[in-house]
Amino acid sequence: MGWANLYLSKHNGWHLKAGEPYPGKRNGVIISIPKIAENLVRLQCYLMMGTHDIPGIPAIESELMARIMQYNQNALAINDRPAAVAQGGGFAFGASLDINTGERTFLIFYGQFALSLGFDLAIQDFGSAQCASGDPIGINGWYASGQAWAGIGAAVGIKVQLFGKQRRFEIAQIAAGAILQAKLPNPFWANGTIGAQYNILNGLIKGNWTFDIT
């Protein structure tokens with residue numbers, strides 16, 4: 001299910017963490033149906049607050065989104081704050097939902113469905129950090145960053161026995177998704193990326209593309 005940690009110190013401040021935005025450290029549940037679908041649903045989240053050791057926005061870990069954005073991997077990681085202030089104070093929260101049926105079969109047909117949704121939000125204290133222009137960052141050093149994403153994928157095909165061997169013929173495989181990232185205020189920055197991949201009639205028609213606006 002997860003874990004939580006409360007840290008209190010006269011010299012180093014405090015923090016409360018219920019999970020962290022790192023692989024294997026988020027809280028959540030995994031739903032499986034024995035002998036039918038393993039890891040069918042994965043729901044994960046984390047909540048952190050305090051005066052120190054609060055990391056920023058993580059990279060998107062979804063396998064589905066990584067496949068959709070395979071030609072634009074930069075879309076999966078929001079450009080985070082400098083290392084000098086990478087472990088300051090603030091508030092961070094995130095959650096994600098991933099559904100993957102795995103390959104299911106019925107008679108000669110096979111199919112698969114996947115869905116990925118999630119968001120991350122961080123409001124952090126940059127202290128006296130400044131932009132390259134010398135202007136202060138955010139409001140009294142406080143700056144917000146966040147991202148949200150959604151993706152969906154599906155595939156269907158047939159399995160047939162030809163010349164003594166089982167052959168697969170993919171009728172259609174389609175996946176599409178979008179990512180929105182932003183930082184604000186002062187300075188304001190936003191990035192939106194949409195992408196898709198398709199494979200129809202066993203590769204007769206196929207392609208992969210992404211479109212990015214900053």
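These notes cover the structure that comes with them. (Residues numbered from 1 in each chain as written. Predicted model: local features only at pLDDT ≥ 70, side-chain atom pairs only at ≥ 80, totals over all residues. Heavy atoms only, no water.)

**Some details on the overall build of the chain**
Operational definition: Where helices and strands are cited, they refer to DSSP runs of H or I of at least four residues and of E of at least two residues respectively, numbered from the N terminus. Computation of the radius of gyration draws on C-alpha atoms alone. For the globule rule, the value is 2.2 Å times the number of residues to the power 0.38. Here the term buried applies to any residue with accessible area under 20% of the maximum for its type, exposed to any over 50%, and partly exposed to those in between, with areas from a 1.4 Å probe on protein chains only. Residue contacts follow a heavy-atom distance rule, with two residues in contact if any of their heavy atoms lie within 4.5 Å. Positive: Lys, Arg. Negative: Asp, Glu. His and the chain ends are not part of the count. Lysine's charge is taken at NZ, arginine's at CZ, aspartate's at CG and glutamate's at CD.
A count of helices and strands for the chain gives one helix and 11 strands. Helices (α) and strands (β) of the chain occur, in sequence order from the N terminus, as β-β-β-β-α-β-β-β-β-β-β-β. Computed over its C-alpha atoms, the radius of gyration of the chain comes to 21 Å, more than 25% above the 17 Å expected for a compact globule of 214 residues. For the chain, the residues scored as buried account for 35% of the 214 residues in total. Nonlocal contacts in the chain, meaning residues at least 24 apart in sequence, comprise 63% of its contacts between residues at least 6 apart. When the 15 positive and 13 negative side-chain charges of the chain are each reduced to one mean point, those points stand 11 Å apart.

**Some words on a nonpolar patch on the surface**
Under the convention used in this document: Residues qualify for a patch when their relative accessible area is over 30% and they have no salt bridge, like charges being joined within 9 Å and the nonpolar side chains of Val, Leu, Ile, Met, Phe, Trp and Tyr within 5 Å. Using a 1.4 Å probe, accessible areas were evaluated by the Shrake-Rupley method; residue-level cover was limited to the displayed protein chains. One side-chain nitrogen of Lys or Arg within 4 Å of one carboxyl oxygen of Asp or Glu is enough to make a salt bridge.
Side chains of Phe169, Ile174, Ile194, Tyr198, Leu201, Leu204, Ile205, Trp209, Phe211 and Ile213 sit close together on the surface and give an oily, nonpolar patch of about 970 Å² of accessible area. The set of elements that each furnish at least two residues to the nonpolar patch consists of strand S9 (165-184), strand S10 (189-200) and strand S11 (205-213). Looking at the nonpolar patch element by element, the count peaks at four residues for S11. Residue position: Phe211 is located in strand S11. According to the relative accessible area criterion, Phe211 is partly exposed, its value standing at 48%.

**Examining the nonpolar core**
Note the threshold: Buried Ala, Val, Leu, Ile, Met, Phe, Trp, Tyr and Cys residues that are joined via side-chain atoms within 4.5 Å together make up what is termed a nonpolar core.
With 11 residues, the main nonpolar core is built from Ile60, Leu64, Met65, Ile68, Met69, Ala75, Leu76, Ala114, Trp149, Ala175 and Ile179. Counting only elements with at least two residues in this core, the list comes to helix H1 (63-68) and S9. When residues in this core are grouped by element, the largest group, three residues, is from H1. Leaving out residues up to four positions away in the same chain, Leu64 has contacts with Ala114, Leu115, Ser116, Gly151, Ile152, Gly153 and Ala175. By size, the runner-up hydrophobic cluster in this structure holds seven residues, among which are Met48, Ile78, Ala92 and Ala122.

**Some remarks on the environment of Ile99**
By the secondary structure assignment, Ile99 is in strand S5 (residues 90-100). By relative accessible area, which is 22% here, Ile99 ends up partly exposed. A C-alpha to C-alpha distance of 9.9 Å links Ile99 and Ile30, two positions 69 residues apart in sequence. When near neighbours in sequence (up to four residues on either side) are disregarded, Ile99 contacts Leu40, Val41, Phe113, Ala114 and Leu115.

**What to know about the pairing of S10**
Inclusion rule: Pairing between strands is defined by DSSP: at least two bridges between them are needed.
Both S9 and S10 contribute to a ladder of 12 bridges, which runs antiparallel. Note on S10: the bridge partner recorded for Ala176 is Ala196. Here S10 hands over to S11 after four residues, with Leu201 in that stretch at a positive phi of 55°.

**Some points on the pattern of salt bridges**
Side chains that carry opposite charge are capable of pairing whenever their charged atoms lie near each other. One pass over the structure, following the stated rule, counts six salt bridges. With its nearest N and O atoms 2.9 Å apart, the salt bridge here joins Asp53 to Lys17. With Asp53 in the loop between strand S4 (37-50) and H1 and Lys17 in strand S2 (residues 13-18), this pair connects stretches of sequence that are 36 residues apart. Look at Asp53 and you get partly exposed, because its relative accessible area is 26%. Put simply, Glu103 and Lys159 hold a salt bridge, and the shortest N to O gap is 2.9 Å. Taken together, the residues Glu103 in the loop between S5 and strand S6 (104-106) and Lys159 in strand S8 (residues 142-162) connect sequence positions 56 residues apart. Each member of the salt-bridge network shares a partner with another, and the members are Lys17, Glu20, Lys25 and Asp53.

**What about the pairing of strand S3 (residues 27-33)?**
Relative to S4, S3 runs antiparallel, the two sharing six bridges. Of the residues in S4, the one forming a bridge with Ile31 is Val41. Turn length for the S3-S4 hairpin, with the two strands adjacent in sequence and antiparallel, is three residues, and the turn residue Lys35 shows positive phi of about 65°.

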